[in-house]
Amino acid sequence: MGLANEAALKMREASLSWSESYPAMEYRHGPISIGDDRSLVWMLGQAPDGLHDEVAATGATWVGSTLDRSPS
């Protein structure tokens with residue numbers, strides 16, 4: 001979560017745009033409702049099953065990244 005918090009902060013500083021970081025399941029049960037075609041959802045690590053499709057249904061752009069995935 002630390003990497004996501006730092007990324008959100010850098011986005012706010014660099015672009016003066018609203019950005020937040022959430023654990024995936026918390027995002028799914030709340031903030032996803034404000035996603036639209038002007039939103040970007042950047043997933044760090046492995047997404048829970050179905051989250052990509054739920055984000056796509058809002059019209060938001062999905063960017064996935066495995067850079068923060070814990071080693072198995």
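Thresholds applied
Residues numbered from 1 in each chain as written. Predicted model: local features only at pLDDT ≥ 70, side-chain atom pairs only at ≥ 80, totals over all residues. Heavy atoms only, no water. Helix = DSSP H or I, 4+ residues; strand = E, 2+ residues; numbered from the N terminus. Rg over C-alpha atoms; globule rule 2.2 N^0.38 Å. Buried < 20%, exposed > 50% of the residue type's maximum accessible area, 1.4 Å probe, protein only. Polar contact = N/O pair within 3.5 Å; in protein donor to acceptor, adjacent residues only side chain to side chain. Contact = heavy atoms within 4.5 Å. Pairing = 2+ DSSP bridges. Right-handed = clockwise from strand over helix to strand, strands pointing away. pLDDT = per-residue confidence, 0-100.

A. Examining the overall build of the protein more closely. Counting its regular elements, the protein contains 3 helices and 2 strands. Beginning at the N terminus, the succession of helices and strands in the protein can be written as α-α-β-α-β. Rg of the C-alpha trace for the protein: 12 Å, near the compact-globule value of 11 Å for 72 residues, within the 12% margin. Dimensions along the principal axes, computed over C-alpha positions, put the protein at roughly 35 × 25 × 20 Å.

B. Region of interest: the side chain of S21. One can find S21 in the loop between α1 (2-15) and α2 (24-28). Take S21: its relative accessible area is 17%, and that puts it in the buried class. Among the polar contacts made by the side chain of S21, one reaches the side chain of N5 at a distance of 2.3 Å. Apart from residues lying up to four places away in sequence, S21 is in contact with M1, A4, N5 and A8.

C. The pairing of strand β1 (residues 40-44), seen in detail. Covered by surrounding structure in β1 are V41 and M43 only, the residues L40, W42 and L44 on the alternate face being uncovered. Here 5 bridges tie β1 to strand β2 (residues 61-65), and the two strands are oriented parallel to one another. Opposite L44, over in β2, you have S65 as the bridge partner. A crossover links β1 with its parallel partner β2, the connecting element being helix α3 (residues 51-58), and its sense is right-handed.

D. Representation of the confidence of the model for the protein within the structure. Scored by pLDDT, the protein comes out at a mean of 89, with 92% of its residues at no less than 70. The least confident element of the protein is α1, whose mean pLDDT is 90; the most confident is α3, at 97.

E. The arrangement of the environment of L9 in detail. Mapped onto the secondary structure, L9 falls in helix α1. By relative accessible area, L9 is classed as partly exposed at 30%. Residues L9 and V55, 46 residues apart in the sequence, show an inter-C-alpha distance of 22 Å.

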